[in-house]
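This is what each chain is made of:
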Amino acid sequence: MVEYEDYFEDDFVSKSQLKREAEALQQLGEDLLSLTKAELAKVPLDEDLEAAFALAHKIKGKHEAYRRQVQYIGKMMRSRDPEPLQEALDKIRNKHNQATAEFHKLELLRDRLLSGGNDALQDALNEHPALAEEMQRLRQLIRQAAKELKEKKPPKSSRELFKLLRTTLHD
């Protein structure tokens, strides 16, 4: 005869734990709903989930209907493996974070070039040898940007310098 306690010990999952897992899956569904259609196309969804997401996008303005649809998506997610969906979401978010970090690095490099003079330019050339090809244009844009700053004009050259750095270092 199987002991009563032994029977429940191995497979026991509390009601609270089941609820937390269901809420986590619903949150994953909401996170996926926040993606653009192009980003959502990169997520491995089956036909049913794809249709549920499409319907949710259509009824987004109708609060109660949207809430029910999100709950339905959460319910559908319980019968599927959430790992591939979570991995795809993380990959999309990480790509965005990497692009933002690159953008900030380029801004800092531009600001160092504008404020640091020839020493900053030489440091940038040592860090990024590809900039040597654009040396004349770099110097010209740095001079123009300093002149625009001094005369309190719009930072046209500063923007051009940023574009030059982006195309030279990321192509």
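Residues numbered from 1 in each chain as written. Predicted model: local features only at pLDDT ≥ 70, side-chain atom pairs only at ≥ 80, totals over all residues. Heavy atoms only, no water.

The secondary structure content of the protein amounts to eight helices and zero strands. The order of helices and strands in the protein, counted from the N terminus, is α-α-α-α-α-α-α-α. Residue burial in the protein is summarised as follows: out of 171 residues, 28% are buried. Taking all contacts inside the protein whose residues are at least 6 apart in sequence as the whole, residues at least 24 apart take part in 59%. Surface accessibility of the protein: about 12,600 Å² in total, with carbon and sulfur atoms responsible for 52%. Here the protein contributes 30 positively and 32 negatively charged side chains, and the mean placements of these two sets differ by 14 Å. (Helix = DSSP H or I, 4+ residues; strand = E, 2+ residues; numbered from the N terminus. Buried < 20%, exposed > 50% of the residue type's maximum accessible area, 1.4 Å probe, protein only. Contact = heavy atoms within 4.5 Å. Areas by Shrake-Rupley, 256 points an atom, 1.4 Å probe, with all protein chains shown as cover. Lys, Arg positive; Asp, Glu negative; His and termini not counted. Charge placed at Lys NZ, Arg CZ, Asp CG, Glu CD.)

Time to look at the packing of aromatic side chains. Applying the stated criterion across every chain yields a total of one aromatic pair. Look at phenylalanine 103 and phenylalanine 162: their rings are 5.0 Å apart centre to centre, the planes differ by 65°, and that puts the pair in the edge-to-face class. Within this pair, whereas phenylalanine 103 is found in helix α6 (residues 83–127), its partner phenylalanine 162 is found in helix α8 (residues 156–169), the two being separated by 59 residues in sequence. Using a relative accessible area of 7% as the deciding quantity, one classes phenylalanine 162 as buried. (Phe/Tyr/Trp six-rings, centres within 6.5 Å; stacked < 30°, edge-to-face > 60°.)

What follows deals with the pattern of salt bridges. Counted by the stated rule, this structure contains ten salt bridges. Glutamate 64 serves as the salt-bridge partner of arginine 67, at 2.5 Å between the closest nitrogen and oxygen. Here glutamate 64 and arginine 67 lie together in helix α5 (residues 63–78), a separation of three residues that amounts to about one turn. Of the residues examined, glutamate 64 reaches a relative accessible area of 41% and is grouped as partly exposed. Between lysine 105 and glutamate 102 there is a salt bridge, with its nearest N and O atoms 3.9 Å apart. Here glutamate 102 and lysine 105 lie together in helix α6, a separation of three residues that amounts to about one turn. Several salt bridges share partner residues, and in doing so they unite Asp46, Asp48 and Arg80 into one network. (Salt bridge = Lys/Arg side-chain N within 4 Å of Asp/Glu carboxyl O.)

For the rest of this paragraph, the subject is unusual backbone geometry. In terms of backbone geometry, most residues other than glycine have negative phi values and most peptide bonds are trans. In this structure, lysine 152 takes a positive phi of about 55° despite not being glycine. Within the secondary structure layout, lysine 152 lies in the loop between α7 (135–150) and α8.

The topology assignment puts aspartate 31 in helix α2 (residues 15–33). For aspartate 31, a relative accessible area of 19% gives the class buried. Each residue touching aspartate 31, except ones within four places of it in the same chain, is listed here: Leu89 and Arg93.

On to the environment of leucine 89, then. By the element assignment, leucine 89 lies in helix α6. The spatial distance from the C-alpha of leucine 89 to the C-alpha of leucine 113 is 37 Å, given a sequence separation of 24 residues.

With that settled, consider the side chain of glutamine 69. Among the secondary structure elements, glutamine 69 is positioned in helix α5. A relative accessible area of 10% places glutamine 69 in the buried class. In contact with glutamine 69, not counting residues within four places along its chain, are Ala52, Leu55, Ala56 and Ile59.

Before going further, it helps to examine the environment of leucine 45. On the secondary structure map, leucine 45 appears in the loop between α3 (37–40) and α4 (47–58). Distance in space between the C-alpha atoms of leucine 45 and leucine 85 is 7.7 Å, their sequence separation being 40 residues. The contact partners of leucine 45, leaving out residues within four places of it in the chain, are Leu40, Glu50, Phe53 and Leu85.

A separate point is α8. The terminal C-alpha atoms of α8 lie 20 Å apart, and with 14 residues this matches the ideal 20 Å at 1.5 Å per residue to within 8%. Within α8 the residues assigned to the buried category are Ser157, Ser158, Leu161, Phe162, Leu164, Leu165 and Thr168. The buried residues of α8 all sit within an arc of 160° when viewed along its axis, so they share a single face. (Expected span 1.5 Å × (residues − 1). Arc of directions from axis to C-beta.)

Keep in mind these values describe shape, not function.
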